[in-house]
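What follows is the residue order along each chain.
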Amino acid sequence: MNDQHQKRNQKMKYNRCGKSGLLLPEISLGLWHNFGSVDNFDTAESIAVEAFDKGITHFDLANNYGPVPGSAETNFGKILWHNFQGNLRDEIIIATKAGYTMWNGPYGDWGSRKYLLSSLDQSLKRMKVDYVDIFYSHRPDPETPIEETMMALDHAVRSGKALYVGISNYSAEQTRIAVDVLKQLGTPCLIHQAKYSMLERWVENGLLDVLEEKGVGCIAFSPLAQGLLTDKYLNGIPENSRAHNPNGHLKEDEVTQERLHKLVQLNEIAKNRNQSLAQMALAWLQKDKRITSVLIGASSVKQLNNNIDCLQSLVFSHDELNAIEKILA
């Protein structure tokens, strides 16, 4: 165990996840980017260790994170082995998912019992752990009954390979069905992971109401809209940005003049709050008490800490909220 873990920052606040007994940090670390085989391992390791020392106990993965798919889990397994041996495993929450394409053939995608449970076994081997804390169905499968997918999640818990289960990218109506099926099976749905940011607000049209009604937590992913809600794009698309990268998830045509105009206006409000645009965007999500945690990515320790600093100013005035709504309308 590293001595530095003894000096862990205890300022992080932990929120109850729905009506469960589990507490999650206000900020969680996602390993979607920057932890794959193409990335610098030492940098990835330093980010994960710093996150833990700052009170981030929740690390979010999926089977296909990389690139190469699977390599983020493999690298995280090495990080665990180097830094989180012994009882420290009991102080962290590891989440992984299955639902997107992972391997060729008919059993490496979507939501069948065959795929989900095979994938979970592979994830455990890659990370060299006996169980994950949360196992998700990463997306609904239009061809597989929700009942079958939920039975696979229930089995993951009963077999001891997951402590809790969740769903991601399910609509409000699909969520209602999935949560009810899991309840009947005796394995409650812990959490829903949804894409949510100032620029992506679909969860406000029913999903958050369902989660509140059913006592399910919510964790927001892509809270910075793939980097759009940072100061990177205030003057257009820079050379080294995700939008400029043909392999990135943010496409150039998403960076419209209308959006850039909104970003500049939002940045003015952030400046008046003594925050960066990214910090304000992260804080803005946490004004809704139905949001258990916000999932951030980081390419450096400096960027990680800059994002964590959003916690220093979480309160918005009515005037600020109204001004933000006017810009986003």
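Everything here concerns the structure above.
Report on the accompanying structure. (Residues numbered from 1 in each chain as written. Predicted model: local features only at pLDDT ≥ 70, side-chain atom pairs only at ≥ 80, totals over all residues. Heavy atoms only, no water.)

Glancing now at the pairing of strand β7 (residues 162-168). Judged by how many residues are buried, β7 sits mostly within the fold: 5 of 7 residues are covered. The pairing of strand β6 (residues 132-137) with β7 spans 5 bridges and is parallel. Residue Val-132 lies in a different strand from β7, and its bridge partner there is Ala-162. Read from β6 through helix α4 (residues 146-158) to β7, the crossover connection turns out right-handed. Relative to strand β8 (residues 189-195), β7 is paired through 4 bridges, and the arrangement is parallel. By the bridge assignment for β8, Gly-166 is matched with Ile-191. Between the parallel pair β7 and β8, the chain is carried across by helix α5 (residues 172-185), and the sense of this crossover is right-handed. (Buried < 20%, exposed > 50% of the residue type's maximum accessible area, 1.4 Å probe, protein only. Helix = DSSP H or I, 4+ residues; strand = E, 2+ residues; numbered from the N terminus. Pairing = 2+ DSSP bridges. Right-handed = clockwise from strand over helix to strand, strands pointing away.)

The next point concerns the sheet that holds β6. Strand order in this closed barrel of 8 strands is β3-β4-β5-β6-β7-β8-β9-β10, and the pairing throughout is parallel. Ignoring strand direction, the axes of neighbouring strands in this sheet form an average angle of 30°. Alignment of strand β9 (residues 217-221) against strand β10 (residues 293-296), held across 2 bridges, turns out to be parallel. Across the sheet, Ala-220 pairs through a bridge with Val-294, a residue of β10. (Axes fitted to C-alpha atoms, helices over the stretch in contact; angles between N-to-C directions.)

For the rest of this paragraph, the subject is the layout of surface pockets. Roughly 290 Å³ of internal volume is contained in the second largest pocket. Mapped by element, the contributors of at least two residues to the lining of the second largest pocket are β7, α5 and β8. Looking at the lining of the second largest pocket, the element that brings in the most residues is β7, giving 3 residues. Its residues assigned to classes, the lining of the second largest pocket shows 10 nonpolar, 5 polar and 3 charged. (1 Å grid on protein atoms, 1.4 Å probe; cavity = no way out; pocket = protein on both sides within 12 Å on 5 of 7 lines; lining within 4 Å. Points joined across faces, edges and corners; volume = space filled by probe spheres on them. Nonpolar A, V, L, I, M, F, W, Y, C, P; charged D, E, K, R; others polar.)

From the geometry alone we can't say anything about function, so treat these as descriptive.
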